[in-house]
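# Observations on chain architecture
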Amino acid sequence: MAAADCSPTLDILVRGPEGCSIWNGPPFSNGQPSIKLERVACKNAKFSDDGSRFMVIKSDSTVSIYDSGSSKEIRSFEAPNILAAALSPRGTYLQTFQKSSTPQEKNVVLWSTETGEPVYQQFQKNMTKTTWPSIRFSSDETVACRMATNEIQFFNGADFSIGIINRLRVPGVAAIELSKEPGSHIAVYVPESKGVPASVQIYACAKDLQSQPLARRSFFRCSSVQLSWNNGSTGLLVLVQSDVDKTNQSYYGESKLNYLTTDGSHEGLVPLRKEGPVHDVQWSYAGSEFAVVYGFMPARVTVFDKKCNPLLELGEGSYNTIRWNPKGRFLCIAGFGNLPGYMTFWDFTEKKQIGATKSELSVISEWSPDGRYFMTATTAPRLQVDNGIKIFHYNGSLYFKKMLDKLYQADWKPISPDRFGEISELIKSVDSLKVIDTKPQGQGPKSSQASAKTVPANPPAQKPSAYRPPHAKQAALAQAELFGESPKEGTNKNALKNKKKREKQKEKKAGESAS
């Protein structure tokens, strides 16, 4: 591995109401990030998957491409009524979707970022999350494909002038997912229709091997699926979601996690040990393990190997998010969204918990490419107040915090983790840092025996009690009297006054009955 001083620098893309800018990432020389690219007015911005370039949508008709190393604009594209844009994994192509008035108008255009010329055009009626980007690429851009009606069309990623080189016919196909590294397989989803169950099938991308699917899994009660390939293109996780829960245990429907392999060795459900929804699932960078957060609250977290055998139990808690460190050693499990924001950090190699902290109201969360830092951000429009960025060390200790009036986006610049050295040296230098567990007693996760118990240095601040209507307070007082308990210290004056009044009325009635 390369030495630490030869490792590439980290960058952070930050976008607010006035536009986007790029900060130099940690470690910061004076405790604050320096600005690498001054603010550029835009509506959206996005890095390519390899981080070599990033695009900036400046208006409805202008998209600019920047070089990430020099932060210089290298190309600008003009096209009317742009609704969406996407870069290919290596930044070779820019794909735009424009508002179309007639079917004859080809509103999806693939541009070359080097020449600025269109290399492929087509018509697409509408754009959804499952159909955009229209043209999908493998990580090395050698394989490209698009979903059409009842078929999948394949292209040569290096030369689109050849046109379609292969067609894979799949009647009723509604979603596809091309494997990334390598782009050797494609997963196809066909929804339920006329009593025929929904199915997910795996095909080889090579034309000679497409006569039969390599793996297939069918299921009823399926409203949507999420398809996730591992690095190496040997395993596919299929999260099947239904809008209706037949058991009436969940208002949000039910979900099942399926696992398929390209060699056909496994086609079935992942053996989860607790009932309830699947909140999150993620592959490790090596592609040999995956972690799942599942079950009714408190949710359970389990790490499985490629044969669906459980490797490590990470306990239970208020969790719905899992983030696997790019170097493969550390895991962060957290509870964001409508959960309090507790985060627990684990060392997967040592199989022990190394820290715990809290980051309330987080919308975005991700590890840095070198695996040493973990960033959370509170962004609009999800939350309009308390916007800002927090950066933590790998063990949960807070490294940096900055509050902003309005924040729309915060992303690390993608860099291959292989370009960074191992962080065993960092562990020795940071082990002396004390991590404060901000989780109140009784609210923390039920960790397994492998977990390391963290003792808070200071007791957590007591949260203000929730509002209770007057009738609820009276009911609590009556219950306390019934069981001979003393009233709570928070009882107000009116409650005590009413209590004395009731006692006097009882004495008066008792006297009248005696006379």
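Up top you'll find the structure we're talking about.
Okay, so let's go over this structure.

What counts, and where the lines are drawn
- Residues numbered from 1 in each chain as written.
- Predicted model: local features only at pLDDT ≥ 70, side-chain atom pairs only at ≥ 80, totals over all residues.
- Heavy atoms only, no water.
- Pairing = 2+ DSSP bridges.
- Helix = DSSP H or I, 4+ residues; strand = E, 2+ residues; numbered from the N terminus.
- Axes fitted to C-alpha atoms, helices over the stretch in contact; angles between N-to-C directions.
- Phe/Tyr/Trp six-rings, centres within 6.5 Å; stacked < 30°, edge-to-face > 60°.
- Lys NZ or Arg CZ within 6 Å of the ring centre and 35° of its normal.
- Contact = heavy atoms within 4.5 Å.
- Salt bridge = Lys/Arg side-chain N within 4 Å of Asp/Glu carboxyl O.
- Buried < 20%, exposed > 50% of the residue type's maximum accessible area, 1.4 Å probe, protein only.

Right, let's talk about the sheet that holds strand β36 (residues 409–412) for a bit. Strand order in the open sheet formed by four strands is β3-β2-β1-β36, and the pairing between neighbours is antiparallel. Each of the sheet's edge strands pairs with one partner strand only, and the pair in question is β3 (35–40) and β36. Averaged over all pairs of adjacent strands, the angle between strand axes in this sheet comes to 15°, irrespective of strand direction. Strand direction decides the pairing type here: strand β2 (residues 19–24) and β3, joined by three bridges, are antiparallel.

This brings us to the packing of aromatic side chains. Any aromatic ring pair is given by two values, namely how distant the centres are and how the planes are angled relative to each other. Applying the stated criterion to the full structure yields 22 aromatic pairs. Joined through ring pairs, the aromatic side chains of Y93, Y120, F137, F155 and F160 make up one cluster. A cation over an aromatic ring shows up here: K351 above the ring of F348, its NZ or CZ 5.1 Å from the ring centre.

Once that is clear, we can look at the side chain of K390. Following the sequence through the fold, K390 ends up in strand β34 (residues 388–393). When near neighbours in sequence (up to four residues on either side) are disregarded, K390 contacts S359, E360, F374, M375, T376, L398, F400 and K401.

Checked against the element boundaries, I391 lands in strand β34. In this structure the C-alpha to C-alpha distance between I391 and G25, which are 366 residues apart in sequence, comes to 10.0 Å. Setting aside anything within four residues of it in sequence, one finds I391 in contact with I12, P26, F28, Y373, F374, M375, L398, Y399, F400 and W412.

Tallying each qualifying case throughout the model produces 17 salt bridges. Between E313 and R273 there is a salt bridge, and its shortest N-O distance comes to 3.6 Å. Of this pair, E313 sits in strand β27 (residues 310–317) while R273 sits in the loop between β23 (267–269) and β24 (278–283), placing them 40 residues apart in sequence. Salt bridges linked by common partners bring D11, K36 and K413 together as one network.

Before going further, it helps to examine the sheet that holds strand β7 (residues 72–78). The four strands are arranged β4-β5-β6-β7 in an open sheet whose pairing can be described as antiparallel. A strand with exactly one partner marks an edge of an open sheet, and here the two such strands are β4 (44–47) and β7. Taken over all neighbouring pairs, the strand axes of this sheet differ in orientation by 20° on average, direction set aside. In this structure, strand β5 (residues 53–57) lies alongside strand β6 (residues 62–67), joined through five bridges in antiparallel fashion. Bridged to I57 within β6 is V63.

What follows deals with the side chain of S134. Take S134: it is sitting in the loop between β11 (118–122) and β12 (135–137). What S134 contacts, discounting residues up to four positions off in sequence, is Q95, V108, Q122, Q124, C145, R146 and M147.

A few words now on the pairing of strand β32 (residues 364–367). Taking every second residue as pointing to the same face, the buried face of β32 carries S365 and W367, while none of I364 and E366 on the other face is buried. As paired strands, β32 and strand β33 (residues 373–378) are joined by four bridges and run antiparallel to one another. The residue of β33 that forms the bridge with E366 is M375. What sits between the antiparallel neighbours β32 and β33 is a turn of five residues, in which G371 has the positive phi angle 80°.

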